[in-house]
Amino acid sequence: MTDSKYFTTTKKGEIFELKAELNSDKKEKKKEAVKKVIASMTVGKDVSALFPDVVNCMQTDNLELKKLVYLYLMNYAKSQPDMAIMAVNTFVKDCEDPNPLIRALAVRTMGCIRVDKITEYLCEPLRKCLKDEDPYVRKTAAVCVAKLHDINAQLVEDQGFLDTLKDLISDSNPMVVANAVAALSEIAESHPSSNLLDLNPQSINKLLTALNECTEWGQIFILDCLANYTPKDDREAQSICERVTPRLSHANSAVVLSAVKVLMKFMEMLSKDLDYYGTLLKKLAPPLVTLLSAEPELQYVALRNINLIVQKRPEILKHEMKVFFVKYNDPIYVKLEKLDIMIRLASQANIAQVLAELKEYATEVDVDFVRKAVRAIGRCAIKVEQSAERCVSTLLDLIQTKVNYVVQEAIVVIKDIFRKYPNKYESVIATLCENLDSLDEPEARAAMIWIVGEYAERIDNADELLESFLEGFHDESTQVQLQLLTAIVKLFLKKPTETQELVQQVLSLATQDSDNPDLRDRGYIYWRLLSTDPVAAKEVVLAEKPLISEETDLIEPTLLDELICYIGTLASVYHKPPSAFVEGGRGVVHKSLPPRTASSESTESPETAPAGAPPGEQLDVIPTQGDLLGDLLNLDLGPPVSGPPLATSSVQMGAVDLLGSGLDSLMGDEPEGIGASNFVSPPAAAVPANLGAPMGSGLSDLFDLTSGVGTLSGSYVAPKAVWLPAMKAKGLEISGTFTRQVGSISMDLQLTNKALQVMTDFAIQFNRNSFGLAPAAPLQVHAPLSPNQTVEISLPLNTVGSVMKMEPLNNLQVAIKNNIDVFYFSTLYPLHILFVEDGKMDRQMFLATWKDIPNENEAQFQIRDCPLNAEAVSSRLQSSNIFTIAKRNVEGQDMLYQSLKLTNGIWVLAELRIQPGNPSFMDLELSLKCRAPEVSQHVYQAYETILKN
């Protein structure tokens, strides 16, 4: 008969009987009794009263009985700590038993008894077991150290168990190595600052040797440990990749994903020119595809991880589109995930295949899936320009089906297509208007209203269409109301004579009859604009819109890099870093991909790292102004709504509230708060003629925010200039300049009160800018500023603020607030305040870097009539952190070779040729080389400013 009989008993008062049986002389009877006790314990009965009797049964040679007693002991030791001490002697004795299974059993149970009183007695047996001759005992003891560390970390450190664990990494048995790695990783997670797993090429070699012979879970521990190692160069990274690659064909999907994680991480260090890099890409695809033949739950985990991999390296799976086609019996969560990956892999080569598939999905029965499929067609059009026409005709076919939810989704995506390709597909508007009455979802109604407002001049009855929406204005959702308000104002600006009554009606509904603050505020802004300056209103409301970006749903690059380090864990399924969902954040370490080594950047010159950024520094990607505006469908202070941006022209920054109360100025009598003269921000597309290269050509991947601090330097300080005249700021006049001293940047301000009232409550804020300049402290004006009083303030700045590429590059937009109002102005800062003190490059590095930067990145400039000779030039420039590396004389002309480094890690190399002009003045020829040619023009201006003042 099986052991199930022990669970069927329902006798009362059996504790007494069990006590008698446990003390029986017969071994069989004892064993039966212990089994009954364990069965009662398992179903939740309290059998703690039998503790002393069960502990007495420990003195036995029978392995089965011993296991049962230890099981009981683990469960009740916590509630009976005094009794549990009785068992200590037996543990100590069992740890010296000739049978390795009993030694291992004793040490495992010791680790599971979480009682402080007992732990100190267990140290000696544990120490012996860690050095036991049998590998099974050693591997069990290794895990026991991690458990003991959780109970009493100090004890483990004092007893030297951590060092013994580290020694076990060199053990001859692969399972011991795997368990030692698992234990050390567990301990290291709870103590992120301790460098327990001190990995070096020798220990990595041992781990890789053990990897081939471990059990599958041992392999996972070792692979996860390898993923935390940063190889010293690309050769070592390649060697590790070669030895990890065989794990990709393992039957256990967890091993496969851990191997993928290691390879994805180390591929960062390999040059794309290597043959091995291409081979590795090919090897990564089949295991990922194989994961998709597992059961749906595993498929989902695999797909979530593949989604990250495709965003990081789409080339791995670019030829595997077919495996992501949806099967009819896939669960909805798998279908939606596959759909997302299909869009990410869509390209000109496979778009016809993808569209045919998506059109098929749009006729399915699952409503959620159909909606996503229709959206996917729109995303394809935006991503692959050549397919846009085919996508639009597919969407029109779907609209003809007259299926309500299909029509609504199609209209929402067509609106996005109009925004990506203006004036291209407007011929379909008539078809869209036919379906106006069937729209009942807020997003679809808002999209249709946007289309009518945007193309009002092409729709004869646009006013009637919008008026039909206006009838139930108060029943509409906020999204539709805001869109309707903007659309009618657009219509009025395009056809003023016919729609005066309509615009009056909507403005009155929005401002007087509405409780929604966003709607009211937008209504007042439009009313104010239309009544004071219709021309400005036209510039704002009908401004040219930035095109929407092709991938608005990509994970932000730094987060993506972190998630790649967590492939195969919960973080990769949630697409969130562990700190976002692990309570208390204990043991959560922020991980990032290893930096590319110098040799992986360029095969010609192995020493080129500083030209981009010093090795080990992560590079941030700066979005261009256009990208940032692309996703903002409007610049309102309300929730995001589908609708046009109010402005990208000169008034744009005035409408953005930098200090939280910018709107107050719009409600008063004078509309200065958003005056174009205060805030000039040219459209994102404009490129000044004097810039050597178009914006965005190479800057976006070279920015990094690190601030240099170094020796004392007295760099050139420009005289103060008036930044904000009193007439534009209700009597507040602001003059200022920028300085850099001892590695710190400051903005020296002079505030003058030319008004008749006292000014207090000063605050300052910067808009995002190219180099992340931001106030490092609040604006301190210690006493109220009386009329006709002037105060001088030095505001410390840092370079860790938000970054956005500005136009021109050194443009800084500032908001300053006092008790009267918020005022906006913009100023240009001289680039030399960003030259850091450690900008002197080694000679060899200079030569290698100069050769490595392409010739098209070289810019030539002339500085005429400089009153200094070569020595004075070098000395003057050095005081502003432009360092001379070498000097030579060629045919009577002095040549200076110089380097400088900006706060964000960009290096600029210069060759300065000094040729005598008239007796007291020199003409200088300046050649600049930089990986971000956009900065060259501004560096030249800095040279000229420093040398001529």
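Residues numbered from 1 in each chain as written. Predicted model: local features only at pLDDT ≥ 70, side-chain atom pairs only at ≥ 80, totals over all residues. Heavy atoms only, no water.

1. What about the overall build of the protein chain?
At step 1: When helices and strands are counted, the protein chain shows 41 helices and 13 strands.
At step 2: Looking at the protein chain as a whole, 54% of its 949 residues qualify as buried.
At step 3: The long-range share in the protein chain, meaning contacts at least 24 apart out of those at least 6 apart in sequence, stands at 69%.
At step 4: About 41300 Å² of surface is accessible on the protein chain, with carbon and sulfur atoms providing 51% of the total. (Helix = DSSP H or I, 4+ residues; strand = E, 2+ residues; numbered from the N terminus. Buried < 20%, exposed > 50% of the residue type's maximum accessible area, 1.4 Å probe, protein only. Contact = heavy atoms within 4.5 Å. Areas by Shrake-Rupley, 256 points an atom, 1.4 Å probe, with all protein chains shown as cover.)

2. Considerations on helix α12 (residues 161-168)
An α-helical segment advances 3.6 residues per turn. Residues three or four places apart therefore align on the same side.
At step 1: Taken together, the buried positions of α12 are occupied by Phe 161, Leu 162, Thr 164, Leu 165 and Leu 168. For α12, the angular spread of buried residues about the axis comes to 160°, placing them on one side.
At step 2: Looking at the packing, one finds that the buried side of α12 touches α9 (123-130), α10 (135-151), α11 (153-158) and α13 (174-190). (Arc of directions from axis to C-beta.)

3. What about the packing of aromatic side chains?
At step 1: Applying the stated criterion to the full structure yields 11 aromatic pairs.
At step 2: When the ring of Tyr 300 is compared with that of Tyr 333, the centres are 5.4 Å apart and the planes differ by 90°; the resulting orientation is edge-to-face. You can see Tyr 300 sitting in helix α19 (residues 296-312) and its partner Tyr 333 sitting in helix α20 (residues 332-345), a full 33 residues away along the chain.
At step 3: Tyr 300 gets classed as partly exposed once you look at its relative accessible area, which sits at 23%.
At step 4: Exposure remark for Tyr 333: the relative accessible area of 32% places this residue in the partly exposed category. (Phe/Tyr/Trp six-rings, centres within 6.5 Å; stacked < 30°, edge-to-face > 60°.)

4. Quick look at unusual backbone geometry
At step 1: For the peptide bond that leads from Glu 807 to Pro 808, omega is -5°, which places it in the cis range.
At step 2: Topologically, Pro 808 is positioned in the loop between β6 (790-798) and β7 (811-817).
At step 3: At Lys 402, a position not held by glycine, the phi torsion is positive, near 65°.
At step 4: Of note, Lys 402 is situated in the loop between α23 (388-400) and α24 (404-420).

5. Topic: the nonpolar core
A general trend in soluble globular proteins is that nonpolar side chains are found buried together.
At step 1: Judged by nonpolar contacts, the single largest core of 213 residues is most densely connected at Tyr 72, Phe 91, Leu 126, Leu 358 and Phe 418.
At step 2: For Phe 91, the contacting residues outside a window of four places in its chain are Met 58, Tyr 70, Leu 73, Ala 106, Thr 109, Met 110, Ile 113 and Leu 122.
At step 3: By size, the runner-up hydrophobic cluster in this structure holds 65 residues, among which are Phe 766, Leu 877, Leu 900 and Ile 906. (Core = buried A, V, L, I, M, F, W, Y, C linked by side-chain atoms within 4.5 Å.)

6. A few points about the confidence of the model for the protein chain
At step 1: For the protein chain, per-residue confidence averages 79 on the pLDDT scale, and residues scoring 70 or more make up 84% of the total.
At step 2: Taking the mean pLDDT of every element in the protein chain, the minimum, 33, falls on helix α38 (residues 664-667) and the maximum, 93, on strand β5 (residues 774-775).
At step 3: Low pLDDT, under 50, characterises residues 598-713; the stretch is placed with 298 contacts to residues that sit more than four places away or in other chains. (pLDDT = per-residue confidence, 0-100.)

7. Notes on the environment of Gln 860
At step 1: For Gln 860, the location among the structural elements is in strand β9 (residues 858-866).
At step 2: On the basis of relative accessible area, Gln 860 is assigned to the exposed category, the value being 54%.
At step 3: For the pair Gln 860 and Tyr 940, spaced 80 residues apart in the sequence, the C-alpha separation amounts to 9.1 Å.
At step 4: One polar contact links Gln 860 to Glu 858, side chain to side chain, over a distance of 3.3 Å.
At step 5: A distance of 2.8 Å separates the side chain of Gln 860 from the side chain of Ser 927, its partner in a polar contact. (Polar contact = N/O pair within 3.5 Å; in protein donor to acceptor, adjacent residues only side chain to side chain.)

8. Thoughts on the packing of α9 against α12
At step 1: Between α9 and α12, the shortest axis-to-axis distance is 11 Å and the interhelical angle comes to 15°. On the basis of their axis angle, the class for α9 and α12 is roughly parallel. In the packing of α9 onto α12, the handedness of the crossing is left-handed. Packed against α9, whose contacting residues are Cys 123, Leu 126, Arg 127 and Leu 130, the element α12 presents Phe 161, Thr 164 and Leu 168 at the interface.
At step 2: Considered class by class, the residues forming the contact of α9 with α12 number 5 nonpolar, 1 polar and 1 charged. (Axes fitted to C-alpha atoms, helices over the stretch in contact; angles between N-to-C directions. Parallel < 35°, antiparallel > 145°, perpendicular 65-115°, else oblique. Left-handed = near helix turned anticlockwise from the far one by under 90°. Nonpolar A, V, L, I, M, F, W, Y, C, P; charged D, E, K, R; others polar.)

9. Quick word on a negative patch on the surface
At step 1: A contiguous patch of negative charge on the surface is contributed by Glu 464, Glu 467, Glu 471 and Glu 501.
At step 2: With a relative accessible area of 70%, Glu 471 lands in the exposed category. (Patch = residues over 30% accessible without salt bridge, like charges linked within 9 Å, V, L, I, M, F, W, Y side chains within 5 Å. Salt bridge = Lys/Arg side-chain N within 4 Å of Asp/Glu carboxyl O. Lys, Arg positive; Asp, Glu negative; His and termini not counted. Charge placed at Lys NZ, Arg CZ, Asp CG, Glu CD.)

10. Focus: the sheet that holds β7
At step 1: Overall, antiparallel pairing links the 3 strands, which are arranged β4-β7-β8 in an open sheet. For this open sheet the edge positions go to β4 (763-766) and β8 (822-828), each flanked by a neighbour on one side alone. When the angles between neighbouring strand axes are averaged without regard to direction, this sheet yields 25°. (Pairing = 2+ DSSP bridges.)

11. Overview of the packing of helix α26 (residues 442-454) against helix α27 (residues 462-470)
At step 1: Interhelical geometry of α26 versus α27 gives an angle of 150° and a closest axis separation of 10 Å. It follows that α26 is roughly antiparallel to α27 by the angle criterion. The element α26 and its partner α27 pack so that their crossing is left-handed. For the pair formed by α26 and α27, the contact residues are Arg 445, Ile 449 and Val 452 on the first element and Ala 462, Leu 465, Leu 466 and Phe 469 on the second.
At step 2: Of the residues contributing to the contact of α26 with α27, the split by class is 6 nonpolar, no polar and 1 charged.

12. Points about the sheet that holds β6
At step 1: As summarised here, the arrangement of the 5 strands in space is β1-β2-β3-β6-β5, forming an open sheet in which the pairing is antiparallel. The sheet is open, and its two edges are formed by β1 (721-724) and β5, each paired on a single side.
At step 2: Summarising the sheet, β1 and strand β2 (residues 732-741) pair through 3 bridges and their orientation is antiparallel. Note that in β2 the partner of Val 722 across the bridge is Ser 735.

13. A closer look at the side chain of Arg 304
At step 1: Within the secondary structure, Arg 304 is located in helix α19.
At step 2: Judged by relative accessible area, which is 14%, Arg 304 ranks as buried.
At step 3: A polar side-chain atom of Arg 304 sits 3.2 Å from a polar atom in the side chain of Glu 337.
At step 4: Residues in contact with Arg 304, not counting those within four places in the same chain, are Glu 337, Ser 572, Val 573, Tyr 574 and His 575.

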